[in-house]
Structures are given as structure tokens and as C-alpha cells.
Amino acid sequence: MRSPVQPPPSLLSGHANPGRGAHRRQHYWPRANLLSANLLRAAASEPAHRKLQARASATPAPLYDAKAAGAGLLLQGRVCVLTPHAGAGSRVWFPGVGCRRLIRVELSRGQTLARGFGTRMFHLRTCAAKLRPLTASQTVRTFSQNRSAAARTLGQIRCYSAPVAAEPFLSGTSSNYVEEMYYAWLENPKSVHKSWDIFFRNTNAGAPPGTAYQSPLPLGPASLSTMARAQPLVEAQPNVDKLVEDHLAVQSLIRAYQIRGHHVAQLDPLGILDADLDSSVPADIISSTDKLGFYGLDESDLDKVFHLPTTTFIGGQESALPLREIIRRLEMAYCQHIGVEFMFINDLEQCQWIRQKFETPGIMQFTNEEKRTLLARLVRSTRWGLRAGWGSLQGAWLQALQAVLAPVTWLFRVARSPSRFEDFLQRKWSSEKRFGLEGCEVLIPALKTIIDKSSENGVDYVIMGMPHRGRLNVLANVIRKELEQIFCQFDSKLEAADEGSGDVKYHLGMYHRRINRVTDRNITLSLVANPSHLEAADPVVMGKTKAEQFYCGDTEGKKVMSILLHGDAAFAGQGIVYETFHLSDLPSYTTHGTVHVVVNNQIGFTTDPRMARSSPYPTDVARVVNAPIFHVNADDPEAVMYVCKVAAEWRSTFHKDVVVDLVCYRRNGHNEMDEPMFTQPLMYKQIRKQKPVLQKYAELLVSQGVVNQPEYEEEISKYDKICEEAFTRSKDEKILHIKHWLDSPWPGEQGAITRHPSPAPTAPPGATVWLSDSGVCASAGPPVLGFFTLDGQPRSMTCPSTGLTEDILTHIGNVASSVPVENFTIHGGLSRILKTRGELVKNRTVDWALAEYMAFGSLLKEGIHIRLSGQDVERGTFSHRHHVLHDQNVDKKTCIPMNHLWPNQAPYTVCNSSLSEYGVLGFELGFAMASPNALVLWEAQFGDFHNTAQCIIDQFICPGQAKWVRQNGIVLLLPHGMEGMGPEHSSARPERFLQMCNDDPDVLPNLEEANFDINQLYDCNWVVVNCSTPGNFFHVLRRQILLPFRKPLIIFTPKSLLRHPEARTSFDEMLSGTHFQRVIPEDGLAAQNPANVRRLLFCTGKVYYDLTRERKARGMAEQVAITRIEQLSPFPFDLLLQEVHKYPNAELAWCQEEHKNQGYYDYVKPRLRTTISRAKPVWYAGRDPAAAPATGNKKTHLTELQRLLDTAFDLDAFKNFS
Ligand SMILES: Cc1ncc(C[n+]2csc(CCOP(=O)(O)OP(=O)(O)O)c2C)c(N)n1
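Residues numbered from 1 in each chain as written. Predicted model: local features only at pLDDT ≥ 70, side-chain atom pairs only at ≥ 80, totals over all residues. Heavy atoms only, no water.

## Looking at the sheet that holds strand β12 (residues 521–527)
In plain terms, the rule: At least two DSSP bridges between two strands are required for those strands to pair. For the purposes of this entry, the term helix denotes a DSSP run of H or I that reaches at least four residues, the term strand denotes a run of E that reaches at least two, and both are numbered from the N terminus. Lines fitted to the C-alpha atoms define the axes, with helices restricted to the stretch that makes contact. Angles between their N-to-C directions range from 0 to 180 degrees. Here a residue-residue contact requires only that any non-hydrogen atoms of the pair lie within 4.5 Å.
If you walk across this open sheet you meet the eight strands as β8-β15-β16-β14-β13-β9-β12-β11, and the pairing is mixed. This sheet does not close on itself; its edge strands, each paired only once, are β8 (338–341) and β11 (510–516). The average undirected angle you get between the axes of adjacent strands in this sheet is 20°. Direction of pairing for β11 relative to β12: antiparallel, over a ladder of seven bridges. Residue H512 lies in a different strand from β12, and its bridge partner there is L525. Set on the sheet, helix α19 (residues 537–551) makes contact with β9 (461–465), β12, β13 (560–567) and β14 (594–600); between it and β13 the angle comes to about 175°. Running over the sheet, helix α23 (residues 637–654) touches β8, β13, β14, β15 (629–633) and β16 (658–663) and is turned about 165° from β15.

Listed below in C-alpha cells is the structure:
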């Protein structure tokens, strides 16, 4: 660890730690050398130079002879000297006539320059700079001004706005002149006047001050005697190599600060930790003079003037600076309270943009108004915490505040005043967890700054995701959730008006639209509900953002943006962060830049960062997508505001992700009940001593005279009043309205923006009317008919037929089997596939792919946007889908026939995803949140891969509605089936989904209830189906949208059935009036004479085809009935009861191809038993229990299959068990 009081290295300034700078300043006194102030001192000390000054004030004679210089320019009768490398923007100096002035001539394109510069065109502009004589010691002081330790705190440290233009003679202005002369001499010693030639030779050879100069030659013809006198003391040659080397070294040095300056920035407010987990100072950062040796430089070089490369902005208006000043400015830019990590970015323009934002002298300045706003926001953020009952700390806080801000007595008066609110909280909820923000209160103004700046840049909708830390504060002070709604969450006795689990305040979302006071523009803020699972909400927020952008035609992310908050331990540790970053620039997933804010309190629960990550910073994951990372000391509110502004500007300029790393501390334990001293005793001793940031900043502004006491008092009392009134109202709250905590109201719901215009006659309530294929919707229109009623109920409890007219089926079929655009060459194999499709259409039948086409195509017609996402979904893992056609002759030319179905159809999005399940499923879930009028599907490549997205399934999809009162209609397509492919790629683990269904296996619902099936669907947490026919697959997809509510739909989809000749459905079963069949009853011989049936086999999915084949082979069509359960959950008790009653003499058996401890058996058996009031056993025909889902041996697979079929058709199989 760095020492607590050890600041970053400084060569040039007073410093809290004398070991790193202050006492070493004396070592930087320059030695005589070229390009240094001492060169100028040498020049100044020459008698001739003194003469020059005198002459400049009295004599009009030019010092330099254009002819002799060989590169001179006569301008307005005066002579100046141009160096050979001068060009546009260069400055040329020449002495003024009759006054003590130098005239600066700037060249830019537009005017012809005299000989020596070829035909380049320049425009001459002149300006004057005052000539002020200065001693050499003054010169040096200019670059090594003492800065006290105090000056390195808070705002002052960054304001290095003193322009170099004000440099005095011999340090700046005339040093430039001498420098130019020197360069000219280096290039060609004859290009300068002989006197300078001699001077440079002598000085370069180490002539002591006062001896290098020999009096100038007269401007007239030189006499032999004067020429003879003007011989150099030595015959030294210009040391060009050294000059080049030194410049290269300085360039490397500048680059080193840009790359590694952040490693020594003062990021830790406690001053005891290293934000990068490394206490060492990089070898190429100049923390002491001996470090100059790394570059082949030494102390004597510090006052040499170096040209600045174009890759730095530290010069401001200056193109050259002394090395000492270069280092000082680099320190100011990169080693103070902001550490900028950006040099890994591959794009030069972006790097330049960042350099300019952080290097430009004086760029980080705030108006008094901005400072007051910042203080007011900090007051709100902090006082929210104070008033919200940071019980035990409150006294200490107030004492500390009082001690320091004694003059601001009103502040303490207000904070100390007894209030019922505090008493109440302390008494009632002193043991409540709040996951307070203390130690990072600056988060609130930080977020507000990002939002203000984004709003200024045109954003009107910000979608946020965040974990527990500071969530209440964000809800109250950023989203502006009604305070009483937050306060009343502390009352555990409040009755819940709606469904929804408890633990509300840390997890529920919020949605609010208001005027942004800074920009006076409307802004909508949404905080997405989140589970405890840290970072799990990241992709969900992304998906929702993408959807909102999509629905309002915001193709560049100019209107809708996302902000993600993270904890440091979670950001580094959770792989989903990486997965989400990898979505950030994918065309179908990009949200055009997210601003990430890390509350880096340098601890994760009880774990030190060194034990929690292997990367230097918790933010390193962001480097993979070239996101700049701005580390900032959270105790410097102005630095924080600055980086937040830059982050927002970055996002609106480049539409890429950016990270703000708020390096802070956690004043309490993980929650307010935790004792942090158990595990981090020293850290917490330091924290106890740490002044709160509000106190520090208030002190600063008071000392600067920025804070106006009455205004400040008014701000405090205003907020107190708001809190008091809200508290009073919160006591009147008798009922908890969880629905007030929706993060994504749907059309017509309270608070929803009317984004979508009035629906088309055929469209469902709230549906978007799509104006074009581009997905752009109209932005105005009458109020939308809500998806729900005003009470939040479904508009009906029925579902219309999911069938279609023959015309529609045929039309979709024709498009699906053709290439709907001209001049487009598809692969020969695909032509055959489309031809086969065409034949199916002619025969009025569909296979799986065509059924999906029919469902999608018809919904698009009805204004429903469809988005299918997952790995390789465009073609389909099993090469059956082919929703994107690729021209075989033109690279990247594609066609999506589904988007060529109808004139005003909704757009179809089909997108191959990154190879991520967790990230992509989370994203699609978020997309599906935004609107009920979209069919959003995620397909796993093979069903078993869903387990890497288990968190999204467990935390969002399965319990989402129960926890957060938000319905979601996402569809999961999970290829499943035992086909001898081994333990991988076989099982989508139906048992897991079924185990999480919320229907009671032991309770027979009221089957007589009207619309039993729809009610059942309404009550369930999700729908689980395994369709055995393409037609039923078609119906269930359509039903998903035609239902008057939304539930997640899990579909186990087939692999071999995709091409199974029997797995076909006739148009007849898809026509108007037809429905999804929850159960497909036996319809063969057995059904004609049910009394003779000995066994009723229940099954689901693909095994049905094995069973019918076997039954046929055995000639048992009359003895064994086979009934398919297509909708496993909610369980079709009603239909199955009918089936059982139909075959009174039949044994009941469940047959599955999965192992006994897997598949459906454990779910189906108790429900079947309940259906028949446990009147009969339900036998099992299937594989034995096993650890792995399937054997890897094909022969064993077939043997197992045969065995289960044998059992299924052996009518004596269960005799011995009866
Ligand atoms: C995926 C996951 N694992 C573990 C936890 C338990 N947990 C809650 S907070 C926390 C520490 C988080 O540290 P950090 O991300 O730094 O945030 P902080 O609490 O410090 O703000 C842990 C481990 C969790 N909520 N989620």
C-alpha cells in the first residue's frame, strides 16, 4: 500500500509528501545548455544581449539580416527569421522597431512566403506580445511555482489555466525565438547570422555563461578584422542526434503519462489504498529526478524547451514547453484526482478527444452556479441519508459537520432539529438494512450530471440498472420516486394491494417522467427491477433500452440511453459483465453506448479487492470493448462532475460505452447492521476519521465565497419540508401498491409514455402501427387503448382462434418458399429446400420451419414486431429455418423474406447472437419487457445450454411477475430430444422448468370454471409446452400474442422431428376456428372402441412417433391408446380427466424417453393422480434414473429406447407391481 499521506509524484509543486517532490525541487535548477532557460540566461548575460534589449527600446535597426539568414522574410519593412521547418501555424519572431515589443507573426495557408519555403501558401497574421525583461531565476520560477499541499486539494489542483502566452522574455517568448534560431542553426549553421553561429557553437561546447557570445558582425560588408575576431571558441558541430533523442524521449514521457499516469493518480479518498492494487510507481513516470534517466534525460533538461507532439494538448495555445512544465501539466492532467485509462483505444480520433478533454489547460473549471448546484445535490444526497435514519452515525456526522462548518450554523440547526421522522425511523427501523451510500454520496450528483448532459444532447429517456448500494437514494433523488412511497416500505404491516413479493425497496423498479430542471426538457427515467444477483440486470437493461430505441425509431441511440451502476467486486467478478460488454457493439444488440458507473468502495461485503480480483482495477473488463475508463476520487465532487460530463459527452459523440469508476469508501458495514471492524479494522479506523464529502466540499465553497448562505439555507429547508411532508403522508399509506413500482408500464398503464400511435383496426390494444420496414413508428396520435384495463386487468379472459385463413397461409407459404427480391442468387442447396417448401404449400401442409413462418408472418401482419435471437438462429442450428438468404455472388447481400410479406407489416428482426446465453437471454427478456405487442424469442443452440443462463431463468423469467408485478411474454425455444447424441446436446432439462411451475400437484382446480384454460394460464408463472406437431407449434406461438396477458413460454423444440415425414400438419388444422391443443387425444382405432383399450399411454413430444411406430409394428392399435400432453404446465387437468374417463378399463402409464429422474415424470405423475383422485396407479415406461441426461453410445441408446418401448407395450409389465 502506498503511504496514507503519500500523494502522486510531483516534480514541480509543493506536496503533502515531501518525499515525492517538494524538497527535490531545488535539484531542478538548470544548467547552461541550449533550449533551456539557462541558454537564455547565457544569452541574457552576454553583454551583446543586454545591448539588444537596450537597442530594442531605442534603436530601430533590425538585429537580423534576412540575407545572412537565408530564410528571412521582409514584412512591413521589418526583417524576421524563419526557420526551415516553419510552416502553417508556426510563429516567427522579430524585434519591433522603436519599442520594446516583439511582433509575433503567425503563418497559415493563404499567402505566398518568401524563398526558402518553396511554393507553400501562407497567410500572415500579426499580433503583439509584450517583451518583458526577466532574470534567469525568475524564468525558472515560472515553471516551478510552488504549490502548497493545500493547493493540491479539490478544485484548485486542476486549474492550471495560467497561459504560457504570459511567459516573460527569455523564458517563453524570446526563448522561442532563440529556439527557432537554434533549429535553423542545427539544420544549417550558415542559415543564421555568424554571431549566432558562433554563440551556438560555443554554448554547445559548454562555454561558461558570459563567454559564449562574440559581438555581432556589422550589417554592412564585413571587414577582415571583424571576421577574424568572430571565430568560434571551439569548432563544435551541432548535436542533432542529441536533440532528436531528447525530443523522442519527451514524446515517450508524454505518452507514458497518458498510458500509466492513472497508476499514480490520487484516487483513494482514504489515502491508504491503491485503486490499482499496486503501490509501485511505474518506471517511466517521473516521481523523482533520477527517473529522468529512464529517458536519457537529466535535471539539466528540465528547463529545455521541447516541441509538443500533436498527440498532446497540454500546451494549450503553446506548441513548445519546457520539460519541467510538460511534466507538471501531465501530472495535473493524469495524476491528480482523476486517472484516465484510454490509451488502449484503437481509434486515434477517440484518443485525441479524450486527451483534449483532460489535458487542455484550465478545462476543468466550474462556474459558481455549477458549484452551488453540485453542493445542493450533495446536500440532498447526504441529507436524505441523514434523515432516513443513519441512526448511530448521525450524532458523529453532525458533530463533525458542526465543528468544521461552524460559520454555517443554520446547516446544523436544520440537521440537528428533532424530527418525528428520524425518531420514527430510529425507533422502528433501526435494524433495517438500507445498503446506504455513505462514502459515495457523490453518486447522486454524478448520475444527475450524466442525465443533465445527456438531456442537453437530446436524450429523453434514460434506463438505469443498479444493485442494492444506494438504491433508495437513487430512487428518491435521481428517479424522484415519491418519498412517501419509499418511506412506507419500511412499514412491514402495510397490506399489499397487488401480488408481488416483499423486499420491495431494494429490488423493485421505477418509472418516472419529469422535466429536467437544468435543460428544461422532458426526461423519462426508468430504474429496472433487479434481483439480488449482482449484475444480472445488466443485459436486461440493455435489452429494454434497445427495445425502447427500436420502438421510437431511435436508430442511433440519440433519444434513449442506458446507465448501469455496479459495485467494484461484482463488476470484476461477474462474468455477465463481460458478456454484456460484448453485446455493446453488435448491430442487433447495440444500444449505442452505455454509461457505466462503478461505486468502487474498495470492498466487497467483507472481502478485500486483492482477494476479489486479479486485474489491477475492477473496471478492466471494459477495456475489451475499447471503453474509456475514468477513475476518479469520489471525495472530489468537482472532479467527479467533470468526468461524468465527459462520459456523457463521450457517449453522445461516439455512441460507445464508457466507465466512470468512483473510487470511494463504505462508511458502514455491508449493511447498517454489519460490523466492518471485524474484518477491515485499519481501513475502518481511517474511515472513522474521514471527513464526509459534503463537509469537505462545503468548507471549500465557503472558503471560496461561492456559497450564498440564504440560498443554501433555503435549499436545505426546502428539502426538509419535502421530507417532512412525505413522511406525514407515508403514515397515511395503508396499502402497498406494488404496481406503483413498475419499471416498464405498458401502453395505457399509469405513467406510460404514449409512444405508440393508435392501433390499426386489426391490431391488439396498444399495438404499434408500423409505417415502414425500418421499424419507425409514428410519434403522435390519440391516446392508446391500454393493453390492460385501467385497473390493470386483462381486457378479457378469452383467447380468439389462433387459426388463419387459407389465403394468408398460402401467401406466407409462397413467400417462405421464394426469393422475394430481384437479382438475388441463392445457394443451390437452399433452392432445393425452398422448392420442397413450395411443394408442402401446394399440398396444404407445413413442416416445423413452415409452421414457424406462418406464425411469425401472420403476427407481423397484425402489427406485432417479432424478434428472434440466439446463436445461429438466422439459418437455424439444424439448417431448417433459413430466414436470412445470402446472395452467393455479392458479399454481405442478404434478404429476409419475412420482411417482404405485407405492405404495412411490423418489422421482423432475426439476429445471430454472440456466443452467450446469460447475456443474450437477459437482453431478450429486457427487450420483451418494453412492450406486450412484440413476440420476442430466444433460441438456445441446444436446450441444455440454457443452464448458463440459469440466473435469468431463475431470477427473472420464472418468478418475475410474482416478484415485480411485471408480466413478460418472452419465448424460449429449447431444442430437446434423446437422439443418441450423448449426454451433451440431448436434454433441455424439462424437469427443471416443470419443477419451478407454480401449480399445485395435489389440488384439482375447479374444472367447471368458465374459461378454465385461460384462467389457468393467467394464474401460472410460465407456460411449458412440448409440441408434437408443427401445427400446434404454430398455434402456441400465435396464442402467445393473442392472449390478453403475457406469460413466459418455454417450448421444448424438436431436432429430428424437423424433418420427420410424419411431423406435418395440414392447413386444415391451422384454419380460422382452430386452436392450440393442450392435449392431443388418441384419434385412432383405440378411440373408436375405448372400452377395449387396455392401456392409456400418456406422453409428450417426439417419443409419440416412436410409440406409434412400435404400436403399429406390434399391431396393438386397439389395445393401447396414446394421448399427447402438449401443454405440460399449466397442467390440463380438465382434458386429461376426459381422456381417463374415456378409457375406463385402461391402465394409465406415463411414457418418456428421458431418464426417470429427469424429463416430465415427476411433474406429471402426481398431477395425473390428482386428476383421477388417485383412483389408479400411474405407471412408468421410460429410461432408468441416471446421472447424465443420455448415453454417448448409439447402440446403448437404441437398446434403452427399445426397452422403454417394450415396457410401454407389454401389457403385463406392471402386473407384479399392482
Ligand atoms: C451473484 C451474487 N453473488 C453474491 C451475492 C452476495 N453479495 C451481496 S453484496 C455482495 C458484495 C458486493 O460487493 P460490491 O460489488 O463491491 O458492492 P458493494 O456492496 O460493496 O457496494 C455480495 C457478495 C450477490 N448478491 N450476488
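## Considerations on the sheet that holds strand β22 (residues 908–912)
Sheet architecture is open: seven strands sit in the order β22-β19-β23-β24-β26-β25-β31, paired in mixed fashion. In this open sheet, the two edge strands, each paired with only one partner strand, are β22 and β31 (1127–1129). Across the sheet, the axes of successive neighbouring strands diverge by a mean angle of 20°, strand direction being ignored. Two elements, strand β25 (residues 1023–1025) and β31, share two bridges in a ladder whose sense is antiparallel. Its bridge partner lying in β31, V1025 is registered against Q1127. The strands touched by helix α35 (residues 1030–1042) are β23 (934–939), β24 (971–975), β25, β26 (1049–1053) and β31; relative to β26, the strand with the most contacts, the crossing angle is about 165°.

## Things to note about the site of the ligand
Here is the rule: The nearness test applies per residue and asks whether one of its heavy atoms lies within 4 Å of the molecule or strand. For this analysis, a polar contact is any N or O atom pair within 3.5 Å, provided that within protein one partner can donate a hydrogen and the other can accept it, and provided that sequence-adjacent residues contribute only side-chain to side-chain pairs. Residue burial considers only the protein chains on display, and all accessible areas are found by Shrake-Rupley using a 1.4 Å probe.
As a structural note, the neighbourhood of the ligand is formed by 15 residues, with H468, R469, S532, D568 and A570 the closest of them. Here A570 contributes a backbone N or O atom positioned 2.9 Å from an oxygen atom of the ligand. Coverage of the ligand by the protein chains reaches 75% of its 580 Å² of free accessible surface. No other element matches the three residues that helix α20 (residues 568–573) contributes to the shell around the ligand.

## Some details on unusual backbone geometry
Going by this rule: Throughout this description, buried means an accessible area under 20% of the type-specific maximum (1.4 Å probe, protein chains only), exposed means over 50%, and partly exposed covers the range between.
In this model, S1129 is joined to P1130 through a cis peptide bond whose omega is -5°. Position of P1130 relative to the elements: it lies in the loop between β31 and α38 (1133–1142). The backbone of E535 shows a phi angle near 75°, a positive value even though the residue is not glycine. Note that E535 resides in the loop between β12 and α19. Of note in the backbone geometry, H985 takes a positive phi value of approximately 70° without being a glycine. Looking at the secondary structure, you find H985 in the loop between β24 and α33 (990–995). Classification of H985 as partly exposed rests on a relative accessible area of 26%.

## What about the environment of K835?
Its location among the elements puts K835 in helix α28 (residues 828–842). Accessibility expressed as a relative area gives 57% for K835, which makes it exposed. Between the C-alpha atoms of K835 and S817, which are 18 residues apart in sequence, the distance is 6.4 Å.

## Comments concerning the pairing of β26
Counting buried positions along β26 yields five of five residues, so the element is predominantly enclosed. Side-chain alternation along β26 places L1049, I1051 and T1053 on one buried face and I1050 and F1052 on a second face that is also buried. Pairing of β24 with β26 involves five bridges; the strand directions are parallel. Paired with L973 across the strands is I1051, a residue of β26. Sheet analysis places β25 next to β26, joined by three bridges and oriented parallel.

## Structural notes on the side chain of Q1158
Structurally, Q1158 can be placed in the loop between β32 (1147–1155) and α39 (1161–1171). Discounting chain neighbours no more than four positions away, the residues touching Q1158 are R989, E991, Q1152, A1186, A1187, A1188 and P1189.

## Side note on the confidence of the model for the protein
What counts here: What pLDDT expresses is the predictor's confidence in each residue, scored from 0 to 100.
Across the protein, the average pLDDT comes to 80, with 73% of residues at or above 70. The model gives residues 754–762 a pLDDT under 50, and that stretch makes 28 contacts with residues more than four places away or in other chains. Within the model, pLDDT remains below 50 along residues 770–783, and this stretch shows 33 contacts once partners closer than five positions in the same chain are excluded.

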